[in-house]
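Notes for the structure review
Now for the letters of each chain:
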Amino acid sequence: MTQDAHKRAVAAAAIDEVKPLFNADCVIGVGTGSTAVHFIDLLAQYRHDFRGAVASSDATAKRLRDHGIEVFELNHVGSVPVYVDGADEINPRLEMIKGGGAALTREKVVAACAERFVCIADASKRVAVLGGFPLPIEVIPMARSYVARELVRRGITPVYRDGVVTDNGNQILDCYDFLIEDPQRTEAELNNIVGVVTNGLFAARGADVLLLAGEDGVARFTR
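Anyway, here's the lowdown on the structure attached to this text. No experiment lies behind these values; they were computed from the predicted model shown.

Where helix α1 (residues 3–18) meets helix α2 (residues 34–43), the axes come as close as 8 Å, and the angle between the chain directions of the two elements is 50 degrees. Taken together, the axes of α1 and α2 are oblique relative to one another. Both α1 and α2 take part in a crossing whose hand is right-handed. Of the residues in α2, those in contact with Asp4, Lys7, Arg8, Val10, Ala11, Ala12, Ala14, Ile15 and Val18 of α1 are Ser34, Thr35, His38, Phe39, Leu42 and Leu43. Partitioned by chemical class, the residues of the contact of α1 with α2 number 9 nonpolar, 3 polar and 3 charged.

Below, the structure is given as structure tokens:
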């Protein structure tokens, strides 16, 4: 089975996970990335069974609207019963690295407002220790060089993601050579660097459910 087929399989499993929550008032959170795209495409056939969605990026909002799903501002909703999104890496404690698509800040905000976070991924994303995938950090533009120096001082190799501007108008530094033994401590430490908007560690608010697609089908894990 190809990786794309795995993504479609886990997206279908996510539909089964969230369908029991659907009602006329239900607004769900929807993430960003290739696996989330498959989820949105499958979600479209149920668009009359729930009220709408909160999107974690402009790209996701456009795809939802293209499918006839109403998109709400999070400020007008307050909280969502479930948030469905992918991961670039996820460990056995369901702590993640996210942000390969540069939507990490909005993803983290929607996740914080969700009663349940369902992560959808293929088996290649599960790791024992986070950090093989470069950790993204969103920074305000004027602070990029300062934040980079602070990262180097901590033994981290930052690389500017050239030409990328986030939906918030900010820039991305990707951190290499950086295995993360204590994700919650590291998440807090990096967020305390002046000029950092947030980093791509989802540890303080990790996933509640992991749906993981592999050769034997989709496995379900919880905290």
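Picking up after the structure, the text goes on.
Our focus in this paragraph is the layout of surface pockets. Which parts of space are left empty comes out when a probe the size of a water molecule is rolled across the atoms. Within this model, the largest pocket holds a volume of roughly 280 Å³. Considering the residues around the largest pocket, the lining is formed by 14 residues, among which Val54, Ala55, Glu73, Leu74 and Arg106 are closest to the centre. Those elements giving two or more residues to the lining of the largest pocket turn out to be β2 (52–55), α3 (58–66), α4 (74–77) and α5 (104–112). Residues of the lining of the largest pocket, tallied by class, amount to 8 nonpolar, 2 polar and 4 charged. Counted as a void, the second largest pocket has a volume near 200 Å³. Contributing to the lining of the second largest pocket are 16 residues, with Thr32, Gly33, Ser34, Ala87 and Asp88 lying nearest its centre. Counting residues per element, the lining of the second largest pocket draws most heavily on α2, at 3 residues.

Rules of the game
Residues numbered from 1 in each chain as written. Predicted model: local features only at pLDDT ≥ 70, side-chain atom pairs only at ≥ 80, totals over all residues. Heavy atoms only, no water. Axes fitted to C-alpha atoms, helices over the stretch in contact; angles between N-to-C directions. Helix = DSSP H or I, 4+ residues; strand = E, 2+ residues; numbered from the N terminus. Parallel < 35°, antiparallel > 145°, perpendicular 65-115°, else oblique. Left-handed = near helix turned anticlockwise from the far one by under 90°. Contact = heavy atoms within 4.5 Å. Nonpolar A, V, L, I, M, F, W, Y, C, P; charged D, E, K, R; others polar. 1 Å grid on protein atoms, 1.4 Å probe; cavity = no way out; pocket = protein on both sides within 12 Å on 5 of 7 lines; lining within 4 Å. Points joined across faces, edges and corners; volume = space filled by probe spheres on them.

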